[in-house]
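Each chain, written out:
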Amino acid sequence: MKKIQMVDLQGQYAKIKAVVDPSIQEVMDSAAYINGPKVHQFQKNLETYLGVKHVIPCANGTDALQIAMMGLGLKPGDEVITADFTFAATVEVIALLQLTPVLVDVDPVTFNIDVDAIEKAITPKTKAIVPVHLFGLAANMDAIMDLAKKHNLYVIEDNAQAIGASYTHKDGSKTKTGAIGDVASTSFFPSKNLGCYGDGGAIFTNNDDLAHTIRGIVNHGMYKRYHHDVVGVNSRLDSIQAAVLDAKLPHLDAYNKARREAAKKYSEAFKNHPKITTPSGLESHDEDDVHVFHQYTLKLEGVDRDALVAHLQENNIPCGVYYPIPLHNQKAYQDERYNEEDFKVTNHLVKSVISLPMHTELDDEQIEFITSTVLNFINND
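Read on for a plain summary of the structure. (Residues numbered from 1 in each chain as written. Predicted model: local features only at pLDDT ≥ 70, side-chain atom pairs only at ≥ 80, totals over all residues. Heavy atoms only, no water.)

### Observations regarding unusual backbone geometry
Point 1. Residue Y323 is bonded to the preceding Y322 through a cis peptide linkage, with omega at 20 degrees.
Point 2. Position of Y323 relative to the elements: it lies in the loop between α10 (305–314) and α11 (344–352).
Point 3. Located in the positive-phi region is A31, a residue other than glycine, with phi close to 60 degrees.
Point 4. Among the secondary structure elements, A31 is positioned in the loop between α1 (9–30) and α2 (37–50).
Point 5. Positive phi outside glycine occurs at N152, with the angle close to 55 degrees. (Helix = DSSP H or I, 4+ residues; strand = E, 2+ residues; numbered from the N terminus.)

Now the structure itself:
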């Protein structure tokens, strides 16, 4: 059996080496390392794939989220509502801009932001909602957009974990995640479903004026060289990373399908186990719908989760706990406004979730070994 990895980037690269290497070589031959033709080519191809008017590449996913907020003109003290159960980058950029983060609980089934909790948290100072499509599962965007319209709020999608996922609206139409809100951000970190070989990110929007503002922000506030019209940052996707991403983009749907197939096999092995809850999002028969499984995350009941982590590691099976500490309990983001009673779901999830290896190269032998090792531990715990 091949060595099990949390993410097998080497195996993935081996299959597309014949496409990736010449794409990188084009950049080396041109020496157009910053804002070169490959960046513009990838931008256009991603716009077409997502069905969004504007893709603005940048240096990483955290920058993308920060720049999206800068582009909306949010001011210090404005409140931004987001999920308590997610990676810190989402709340980090809110705090960096001296905005006021407002953390709310998540849904116990989807792990995505709880719409009822959003509504309860809205105040006259609220200016934006940041739904995170956690682990690759689309948040309840129709309800969130309705709520935003009702209260005149911006919606900033954090699409770092869900690129390629589609959201099915109430009327049956579909939109790619990241193309629904006022603006969206994504990350091209190597382990993402569409990952480069370094750091990278992008901002998406259908708003022409906002796109224009953001294009200036990512380049020191310049639209004309040495003319600084807005306060900006230096955040650019380099041409080599764009070359990698453009070579991988045509494979994204196949990558997401492979993840979904692996998730089905995991869930079948764990089906109906009284101590294991498998992820939602496999109900749809549409392969690109609902969930693209950036992570495959179990919720355990009556199991010593940390002992299971140790057991898997002893058997050379990598795993992850995403996330072990709620954001409202992180030292940097603690606030006396928060009441533990308002975070019942998150406080439970941080003690009970475990993520198993998930990537495009998982094979049946590996999945069988992983699932049997998990089940043997739980059944004998």
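### Brief notes about helix α7 (residues 208–217)
Since there are 3.6 residues in each turn of an α-helix, residues three or four apart along the chain are aligned in direction.
Point 1. Burial in α7 covers these residues: L210, A211, I214, G216 and I217.
Point 2. Those residues of α7 that are buried are in contact with β1 (54–58), α3 (61–71), β8 (183–187), β9 (201–205) and β10 (222–224).
Point 3. Capping the start of α7 is the job of one residue whose side-chain oxygen sits 3.0 Å from the backbone nitrogen of D209: N207. (Buried < 20%, exposed > 50% of the residue type's maximum accessible area, 1.4 Å probe, protein only. Contact = heavy atoms within 4.5 Å. Polar contact = N/O pair within 3.5 Å; in protein donor to acceptor, adjacent residues only side chain to side chain.)

### Details of the pattern of salt bridges
Side-chain pairs of opposite charge can arise where the charged atoms are in close proximity.
Point 1. Summed over all chains, the structure comprises 13 salt bridges.
Point 2. Across the salt bridge formed by K38 and E26, the nearest N and O atoms sit 3.6 Å from each other. On the criterion of sequence distance, the pair formed by K38 in helix α2 and E26 in helix α1 is long-range, its members being 12 residues apart.
Point 3. Given the relative accessible area of 46%, E26 is considered partly exposed.
Point 4. Here D306 ties to R305 by a salt bridge, and the two come within 2.8 Å at their closest N and O atoms.
Point 5. Given a relative accessible area of 9%, R305 falls into the buried group. (Salt bridge = Lys/Arg side-chain N within 4 Å of Asp/Glu carboxyl O.)

### Observations regarding the sheet that holds strand β12 (residues 276–277)
Point 1. Taken in spatial order, the 3 strands of this open sheet run β12-β13-β14, and their pairing is antiparallel. Each edge of the sheet is formed by a strand with only one pairing partner; in this case those strands are β12 and β14 (353–356).
Point 2. Of the strand pairs in this sheet, strand β13 (residues 296–300) and β14 are connected by 4 bridges, and their pairing is antiparallel. Within the sheet, the bridge partner assigned to K299 lies in β14 and is V353.
Point 3. Of the strands in this sheet, β13 and β14 touch α11, which is tilted by about 105 degrees from β13. (Pairing = 2+ DSSP bridges. Axes fitted to C-alpha atoms, helices over the stretch in contact; angles between N-to-C directions.)

### Concerning a nonpolar patch on the surface
Point 1. Judged by side-chain polarity, M28, Y33 and I34 come together as a nonpolar surface patch covering roughly 280 Å² of accessible area.
Point 2. Mapped onto the elements, I34 comes out in the loop between α1 and α2.
Point 3. I34 sits in the partly exposed class, given a relative accessible area of 45%. (Patch = residues over 30% accessible without salt bridge, like charges linked within 9 Å, V, L, I, M, F, W, Y side chains within 5 Å. Areas by Shrake-Rupley, 256 points an atom, 1.4 Å probe, with all protein chains shown as cover.)

Note that all results are geometric; they support no functional claim without further evidence.
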